[in-house]
Amino acid sequence: MNNRLALILSVIFHPLILTTYLFALLFFVSPDLVGVSAFELPALGSLLMLLFLNTFLAPTIIIYYFKKMGMISSLHVDNLEERRLPFLACVIIYGIATYLFGWQLQPIDELAPQISVILGSATLSLVIVTMVSYFWKISAHAVGIGGSIGILSGLLIRFDEGTLLIPLLITILIGGWLLSARLQLNAHNPLQILVGVLCGVLVSSMTVYFFF
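*Asks:* Any details on the packing of helix α8 (residues 165-184) against helix α9 (residues 190-211)? Residues and values, ideally.
*Replies:* It is the contact of α8 with α9, at a shortest axis distance of 10 Å, that shows an interaxial angle of 150 degrees. As summarised for this structure, α8 and α9 are arranged roughly antiparallel, according to the angle between their axes. When you trace α8 past α9, the crossing you get is right-handed. Along its contact with α8, which presents Leu-179, Arg-182 and Leu-183, the element α9 presents Pro-190, Ile-193 and Val-197.

*Asks:* Tell me about the nonpolar core, residues and numbers included.
*Replies:* Counting residues in hydrophobic clusters, the biggest one holds 40 residues, and the most contacted among them are Leu-26, Phe-27, Val-36, Leu-47 and Ile-115. Of all the elements in the fold, those that place two or more residues in this core are α1 (3-12), α2 (15-29), α3 (41-68), α4 (80-104), α6 (113-132), α7 (140-159), α8 and α9. The element contributing the most residues to this core is α7, with 7 residues. Among all residues touching Val-36, those that are not within four sequence positions of it are Phe-27, Pro-31, Leu-44, Leu-47, Ala-112 and Ile-115. Listed in part, the 10 residues of the second largest apolar core include Phe-66, Val-77, Ala-89 and Val-91.

*Asks:* Tell me about α7, and name the residues and values.
*Replies:* Helix length check: α7 (20 residues) gives 28 Å between terminal C-alpha atoms against 28 Å at 1.5 Å per residue, within 8%. Within α7, 17 of the 20 residues are buried, which leaves it mostly tucked inside the rest of the structure. Asp-160 lies just past α7 and shows a positive phi near 50 degrees.

*Asks:* Can you tell me about the packing of aromatic side chains, naming the residues and giving the values?
*Replies:* By the definition in use, this model includes 6 aromatic pairs. Between Phe-13 and Tyr-21, the ring centres sit 6.0 Å apart and the planes meet at 75 degrees, which makes this aromatic pair edge-to-face. Judged by centre distance (6.0 Å) and plane angle (20 degrees), the ring pair of Tyr-99 and Trp-103 falls under stacked. You can see Tyr-99 and its partner Trp-103 sitting in helix α4, 4 residues apart, about one turn around the helix. Seen from the ring of Tyr-209, Arg-158 lies directly overhead, with NZ or CZ sitting 5.8 Å from the centre.

*Asks:* Tell me about the side chain of His-188, and please be specific about residues and values.
*Replies:* Mapped onto the elements of the fold, His-188 is located in the loop between α8 and α9. Among the polar contacts listed, one links the side chain of His-188 to the backbone oxygen of Lys-137, at a separation of 3.3 Å. In terms of polar contacts, His-188 uses its side chain to reach the side chain of Gln-192, at 3.3 Å. Non-local contacts of His-188, meaning those with residues more than four positions away in its chain, are made with Arg-83, Lys-137, Ile-138, Ser-139, Ala-140, Arg-182, Leu-183 and Ile-193.

*Asks:* I'd like a rundown of the packing of α2 against α3, residues and numbers included.
*Replies:* The geometry of a pair of packed helices is captured by two quantities: the angle between their axes and the separation between those axes. Where α2 meets α3, the closest approach of the two axes is 9 Å, and the angle between their N-to-C directions is 170 degrees. Our classification of the angle between α2 and α3 gives roughly antiparallel. Contacts between α2 and α3 involve Leu-16, Ile-17, Thr-19, Thr-20, Phe-23, Ala-24, Phe-27 and Phe-28 on the former and, on the latter, Leu-41, Leu-44, Leu-47, Leu-48, Leu-51, Phe-52, Thr-55, Phe-56, Pro-59, Thr-60 and Ile-63. In the contact of α2 with α3, the residues fall into 15 nonpolar, 4 polar and no charged.

*Asks:* Go over the state of the cysteines, please, and point to the residues and values.
*Replies:* By definition, a disulfide links the sulfur atoms of two cysteines through a covalent bond. For the structure shown, the criterion picks out 0 disulfides. Here Cys-199 stays free of any disulfide, with the sulfur of Cys-90 as its closest cysteine sulfur at 15 Å. Of the residues examined, Cys-199 reaches a relative accessible area of 12% and is grouped as buried.

Conventions adopted
- Residues numbered from 1 in each chain as written.
- Predicted model: local features only at pLDDT ≥ 70, side-chain atom pairs only at ≥ 80, totals over all residues.
- Heavy atoms only, no water.
- Axes fitted to C-alpha atoms, helices over the stretch in contact; angles between N-to-C directions.
- Helix = DSSP H or I, 4+ residues; strand = E, 2+ residues; numbered from the N terminus.
- Parallel < 35°, antiparallel > 145°, perpendicular 65-115°, else oblique.
- Left-handed = near helix turned anticlockwise from the far one by under 90°.
- Contact = heavy atoms within 4.5 Å.
- Core = buried A, V, L, I, M, F, W, Y, C linked by side-chain atoms within 4.5 Å.
- Buried < 20%, exposed > 50% of the residue type's maximum accessible area, 1.4 Å probe, protein only.
- Expected span 1.5 Å × (residues − 1).
- Phe/Tyr/Trp six-rings, centres within 6.5 Å; stacked < 30°, edge-to-face > 60°.
- Lys NZ or Arg CZ within 6 Å of the ring centre and 35° of its normal.
- Polar contact = N/O pair within 3.5 Å; in protein donor to acceptor, adjacent residues only side chain to side chain.
- Nonpolar A, V, L, I, M, F, W, Y, C, P; charged D, E, K, R; others polar.
- Disulfide = S-S within 2.5 Å.

By themselves these figures say nothing about function.
Shown next as structure tokens:
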């Protein structure tokens, strides 16, 4: 794998966009598991767009603002000392999104409380990444893809949802490419990636076990 391909993979599967990918997959493959089976296609599209705005566009704008103000040197936020403020901002935005989808947006909070549960899992993962980033450079990409794998595998096992098997295998394959890309770019070492994957899988799988 060359650096160009590694960079493309790192951007396409950025940790923040993985949340949208995960919801899109669940909405259209296993809508019953996330409570959206009663939603028509236009409503699903609008809901997915709302999630995209809250979990990707809003934090991306904040990170771009930090870059514009000279508070970070790169949009990739690869420098350990520069990660703390952007990650903290992402935690706040994800926390607000979790609150909105879980308690304020009717009838979503009543029909599909699973959405806020998954958002809460992502928020908790971000909290862990932020805390660890005060002293160690854990891989956010690894946490993100690990979280996706944990959610899919947890739902597959808990509800015997066979339709998630192929998406899970594809996600694992993408995860292998993505984590290889992070190593190729020297963004992380193997231990930082391993700990990130374990963190993501543990948080998300425990979320499914206790809250679904």
